[in-house]
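Topology and contacts: notes
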Amino acid sequence: MNQEKDVLSFIYSNLDALYYFKDEDVNDFSKRAILRYFFILIDDLLKVAGKVNNKFYKSGKISRIKKKQNKNLIKDLNNTFDNEYDVIRDKMSAHQQHLPLDDINKWWVEIDNTTIETLYSEAHAIRDGLKSGFDNEIERIKHYSIMDIFSPALLKSNEKSFNFSAGRLSIARNNTSGILPAHDSQVKAQIISSTLELIQIDFGLTQQCNNPDSDYKLKLFDIGWLLVICDFISLIDNLYEDNSYGKSLLSIWKELDIKGFDLLNEYNIKKRDLNYEDKLREIRNKIAAHKDSELQIATVYKDFMSINLRDFHGYVMLHCNAFKTACSYDNRTKLLGMTGVPLKNIKSLSSSPSKPFNN
């Protein structure tokens, strides 16, 4: 059972880190962006907890009554998560996929203090139910202390400043103007534009926790990079790859004769390292977006740790900037490449404020 214990330790120690992070003095949008990873971990827990519970019973480590109690705890968490918060995991966290306009803000603001408290409480009830089957404790955060936030991507913004962002999440940001999509090409570009914003926040967390001096910061540092992997693979898929979820922006722009197509196509053909992307995708599939309980977590984690972070950052930014530059070539797409652009001489916006994280 050491393999399953290692997976559960990974899940619970990272859940702990994110639970503590919710109380940091970070702007609500960035806090929600980072806490997306909480929903990936809950999904992972639901996939492994039942298997562990059954193995414990078959090996005689727990009684039939304890097995049933644990099964009910897992069922409670599944009922809370499934067909509800799994949308956040599937469409906004592990992947960046289409959501109807009305659902974007609805699910984004569901990443709040109440949701995290509820899921965390139910997840730890499962932990307490399973721990008797293990010879040693499931790993937890060893040291935590509140951070002095300095990363620009995480700092709280001036309530009197206003910005324009083309991404689909602009409707969920305070003091932000955006675009209502009128065509499939705009819907796809908005997904990509928001993915760029999320990647900026992911990197902001790695900057905040660089050279970590505690177990808490080390976990957050890794979470930041795991989120970058998830978001970058989503960026690549939405930019260049036609798949079962729809056409890529590259294909859509070709059909519409958008001027930025040639640049995107050049990057697709000449600037992509497909072997490198395959390695990143494998890490995404085995540890970042999914925790494969059939694999040794230490082996997969070693693959993750082998990434040269400086080179990875450069590769990510290469393709982020390709999208922004390509958008600038055509009047139909210029606005779609703009994120966080300050608006001058604006006193207020007619849209209502986003729901606060702590309400």
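In this report, we go over the structure that sits alongside the text. Please read these numbers as outputs of a predicted model, since none were measured by experiment.

As a further point, take the packing of helix 1 (residues 2-21) against helix 5 (residues 113-130). The geometry of helix 1 relative to helix 5 is characterised by a closest axis approach of 11 Å and an angle of 145° between their N-to-C directions. In the packing of helix 1 onto helix 5, the handedness of the crossing is left-handed. On helix 5, the residues touching Leu8, Tyr12, Leu15, Asp16 and Tyr19 of helix 1 are Ile116, Glu117, Tyr120, Ala123, His124, Ile126, Arg127 and Leu130. Residue composition of the contact of helix 1 with helix 5, by class: 9 nonpolar, 1 polar and 3 charged.

Its location among the elements puts Pro100 in the loop between helix 3 (64-93) and helix 4 (101-108). Spatially, the C-alpha atom of Pro100 lies 29 Å from that of Ile346, the residues being 246 residues apart in sequence.

This paragraph deals with unusual backbone geometry. In the Ramachandran plot, Asn175 falls in the positive-phi region, its phi being about 55° despite a non-glycine side chain. Within the fold, Asn175 resides in the loop between strand 1 (162-164) and strand 2 (176-177). Here Asn175 falls in the partly exposed class, since its relative accessible area comes to 25%. Of note, the phi angle at Asp257 is positive, near 55°, even though the residue is not glycine. Checked against the element boundaries, Asp257 lands in the loop between helix 8 (249-256) and helix 9 (261-270).

Our next topic: the side chain of Lys219. Secondary-structure assignment places Lys219 in helix 7 (residues 215-240). The buried category is assigned to Lys219, whose relative accessible area is 12%. Sequence-distant contacts of Lys219, that is, excluding residues within four places in its chain, are made with Ser13, Asn14, Ala17, Glu139 and Ile141.

Rules used throughout
Residues numbered from 1 in each chain as written. Predicted model: local features only at pLDDT ≥ 70, side-chain atom pairs only at ≥ 80, totals over all residues. Heavy atoms only, no water. Axes fitted to C-alpha atoms, helices over the stretch in contact; angles between N-to-C directions. Helix = DSSP H or I, 4+ residues; strand = E, 2+ residues; numbered from the N terminus. Left-handed = near helix turned anticlockwise from the far one by under 90°. Contact = heavy atoms within 4.5 Å. Nonpolar A, V, L, I, M, F, W, Y, C, P; charged D, E, K, R; others polar. Buried < 20%, exposed > 50% of the residue type's maximum accessible area, 1.4 Å probe, protein only.

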